[in-house]
Amino acid sequence: MSFQNQVNIQPAPAVPGDFASLNPTATFPAGEGALVAAAGGCTVAAFGWVQADGVSVANMPPSGSTAAPDGFVHRDLTAQISDFTASESMVIPQGFPVTLFTAGDFWVQATTQATPGQAVFASLTDGTIKTAATGSTVNGAVATGFFVASAGAVGELVRISTWMHA
């Protein structure tokens, strides 16, 4: 673990993957023992796809698919720091439970400039978010049904929602 080298004047509003409001949420319906992290783990604060086995969840669609993600991987403290020299981890280890949210408001780290009302897209390679005008397409990403709820630059925390859109 590295030595602290920064002090923030204001605390961060959240951690990526946290709930951003008390609006209603909905989860992907799963059977008993279903929805566990796939081989290599599943990253929190990104979108996830249920794999062909119907049980495992990865941050990319099953091979050959370009379907929309099955839900958003919420931060519910199942990620583990398995590398004991690391200071943090957002990866849920293989076999640990994963809950996919199909509706709600969440905090995410912007990978593109975010403006309220934009559509949220999920990268087909790692499930991270990308934003673009509603009705547009983004290369290498698919629409999620979520929308940007707060403005932010690349690297900043922004809110995404299924309840707020332009």
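Scroll up for the structure.
In this text, all values refer to a predicted model and were calculated from it rather than measured experimentally.

Our next topic: the sheet that holds strand E11 (residues 129-132). Sheet architecture is open: five strands sit in the order E9-E13-E12-E10-E11, paired in antiparallel fashion. Since the sheet does not close on itself, it has two edges, and those belong to strand E9 (105-109) and E11, each with one partner. Across the sheet, the axes of successive neighbouring strands diverge by a mean angle of 50°, strand direction being ignored. In this sheet, strand E12 (residues 141-148) lies alongside strand E10 (residues 119-123) in antiparallel orientation, the contact comprising four bridges. Opposite serine 123, over in E12, you have alanine 141 as the bridge partner.

Most of E10 sits inside the fold, with five of its five residues counted as buried. Along E10, one buried face is formed by Ala119, Phe121 and Ser123 and the opposite face, lined by Val120 and Ala122, is buried too. By the bridge criterion, four bridges tie E10 to E11 in an arrangement that is antiparallel. Bridge pairing links alanine 122 to isoleucine 129 in E11. Connecting E10 to the next strand, E11, in antiparallel fashion are five residues, including glycine 127 with a positive phi near 75°.

Moving on: the packing of aromatic side chains. Under the criterion given, the structure shown has eight aromatic pairs. Ring geometry for phenylalanine 47 against phenylalanine 72: centres 5.4 Å apart, planes inclined by 75°, an arrangement best described as edge-to-face. Of the two residues, phenylalanine 47 sits in strand E4 (residues 47-50) while phenylalanine 72 sits in strand E6 (residues 71-73), which places them 25 residues apart along the sequence. In this structure, phenylalanine 47 and phenylalanine 72 share a single accessibility class: buried. The interplanar angle of 45° and the centroid separation of 6.4 Å between the aromatic rings of phenylalanine 72 and phenylalanine 146 together place this pair among those described as tilted. Here phenylalanine 146 lies in strand E12 and phenylalanine 72 lies in strand E6, a separation of 74 residues in the sequence. Comparing phenylalanine 72 with phenylalanine 146 shows no difference in burial state: the two are buried.

Time to look at the pairing of strand E13 (residues 157-161). Across five bridges, the pairing between E9 and E13 is antiparallel. When the bridges of E13 are listed, aspartate 105 appears paired with serine 161. As paired elements, E12 and E13 share two bridges and run antiparallel to each other. Directly across from phenylalanine 147, in E13, lies its bridge partner serine 161.

This brings us to the sheet that holds E6. With respect to topology, six strands assemble into an open sheet ordered E1-E8-E6-E4-E5-E2, the strand pairing being mixed. Bordering the open sheet on either side are strand E1 (26-27) and strand E2 (36-37), each of which pairs with just one other strand. Relative to strand E5 (residues 56-58), E4 is paired through two bridges, and the arrangement is antiparallel. The residue bridging valine 50 from the neighbouring strand is valine 57, located in E5.

Note on backbone geometry: most residues besides glycine have negative phi, and most peptide bonds are trans. Within the chain, leucine 35 stands out as a residue other than glycine whose phi angle is a positive 65°. Assignment of secondary structure puts leucine 35 in the loop between E1 and E2.

When you line up the elements, alanine 151 lands in the loop between E12 and E13. With 37 residues separating them along the chain, alanine 151 and alanine 114 place their C-alpha atoms 5.2 Å apart. The contacts of alanine 151, once residues within four sequence positions are left out, are Ala114, Pro116 and Val158.

Cut-off values and rules
Residues numbered from 1 in each chain as written. Predicted model: local features only at pLDDT ≥ 70, side-chain atom pairs only at ≥ 80, totals over all residues. Heavy atoms only, no water. Pairing = 2+ DSSP bridges. Helix = DSSP H or I, 4+ residues; strand = E, 2+ residues; numbered from the N terminus. Axes fitted to C-alpha atoms, helices over the stretch in contact; angles between N-to-C directions. Buried < 20%, exposed > 50% of the residue type's maximum accessible area, 1.4 Å probe, protein only. Phe/Tyr/Trp six-rings, centres within 6.5 Å; stacked < 30°, edge-to-face > 60°. Contact = heavy atoms within 4.5 Å.

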